[in-house]
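Here is how the chains run, residue by residue.
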Amino acid sequence: MPDRPRWQVTSRLTWLRLRRSPAAWAAAAAFPAFILFLWIKDSYGMALRSFLFLLPHVFLFLSQDMAGDEVREGRLENVLFLGDGFKGHLFGKNAVLVLTGAVYGFGLFIPLWSIGLATHRSGWGDLPGLAAALLAGVYYVLLGGFLSYYLKGGSNVLALIVVQAAAFMGLLFSAGHRTGFLDLLGAGHFPSFVAKLEFLAFAAVLPNVVVAGRLRPYAPWIAGLAALVLFIQWIKVRRLELKRP
């Protein structure tokens, strides 16, 4: 199958799965409603900061059941995926989901940011935060997609959220130490090699942290993690074989 028709098939099938997902529709509606609630109850600044911090999780939810169930349930046993066509389909879903998340994110950000510009409550300085949020979103799609080969249903998303909750509890525990990791996060400075490794591990679990102003210089680290996960996922897909009856 030529590349263009294959991309069209991948796009349509991925969009069809998203349209038939009640969880996707619920998340798409709940997110702007929550941001609007923060704006009304608190302030525009809080709403914008929360939007940028939470936007990557939209990408994470998009990666729910990205590939694993298709492979396990034999959905790729189709003439459309003759030969190794299914491998290109699975790998191409990364781009479809990233594009979907980016369009959705821009669709919410532009009116929110424009209102802030008109009322002098936001500015061009917010764009690096959006870029960092989108980068974290790309990482989530790649990581969630890779985990979906091993975890059934939406367990890939649930597993990441559970790990994030555990990391957050560990972060709170470190607050009791005079030179705890939470203090280093607040300062945006990690002086020792061990501290840098700790931040890298924390960012691998919760890449949203690079949206914060003092941590944006570490956004290239997330790009590096995304490239690593993409390479690992590529190896996984390349070695994948369908179990034929």
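What counts and what doesn't
Residues numbered from 1 in each chain as written. Predicted model: local features only at pLDDT ≥ 70, side-chain atom pairs only at ≥ 80, totals over all residues. Heavy atoms only, no water. Core = buried A, V, L, I, M, F, W, Y, C linked by side-chain atoms within 4.5 Å. Buried < 20%, exposed > 50% of the residue type's maximum accessible area, 1.4 Å probe, protein only. Helix = DSSP H or I, 4+ residues; strand = E, 2+ residues; numbered from the N terminus. Contact = heavy atoms within 4.5 Å. Expected span 1.5 Å × (residues − 1). Axes fitted to C-alpha atoms, helices over the stretch in contact; angles between N-to-C directions. Left-handed = near helix turned anticlockwise from the far one by under 90°. Nonpolar A, V, L, I, M, F, W, Y, C, P; charged D, E, K, R; others polar.

## Focus: the nonpolar core
One finds F51, L55, L185, F190, F199 and V209 to be the most contacted residues of the largest nonpolar core, which totals 55 residues. Going through the elements one at a time, α2 (22-41), α3 (44-62), α5 (85-118), α6 (127-147), α7 (155-174), α8 (181-187), α9 (193-205) and α10 (219-238) are the ones with two or more residues in this core. In this structure F190 touches F181, L184, L185, A195, K196, F199, L215 and Y218, once residues within four positions along its chain are discounted.

## Digging into unusual backbone geometry
Excluding glycine, most residues fall at negative phi; most peptide bonds, likewise, are trans. Located in the positive-phi region is H120, a residue other than glycine, with phi close to 60°. Within the secondary structure, H120 is located in the loop between α5 and α6. Look at H120 and you get exposed, because its relative accessible area is 71%.

## As for α6
Since the α-helix packs 3.6 residues into each turn, any two residues three or four apart lie on the same face. In a regular helix each residue adds 1.5 Å, so 21 residues correspond to 30 Å; α6 covers 30 Å between its end C-alpha atoms and thus fits that length. A large share of α6 lies buried, amounting to 15 of its 21 residues.

## Quick notes on the packing of α9 against α10
Contact geometry of α9 with α10 gives a least axis separation of 10 Å together with a crossing angle of 60°. Judged by the twist between their axes, the crossing of α9 over α10 is right-handed. Where α9 abuts α10, its residues K196, F199, L200, A203 and A204 lie against W221, I222 and L225. Among the residues making up the contact of α9 with α10, the classes are represented as 7 nonpolar, no polar and 1 charged.

## Topic: the environment of F91
Looking at the secondary structure, you find F91 in helix α5. Setting aside chain neighbours within four positions, we find F91 in contact with L230, Q233, W234 and V237.

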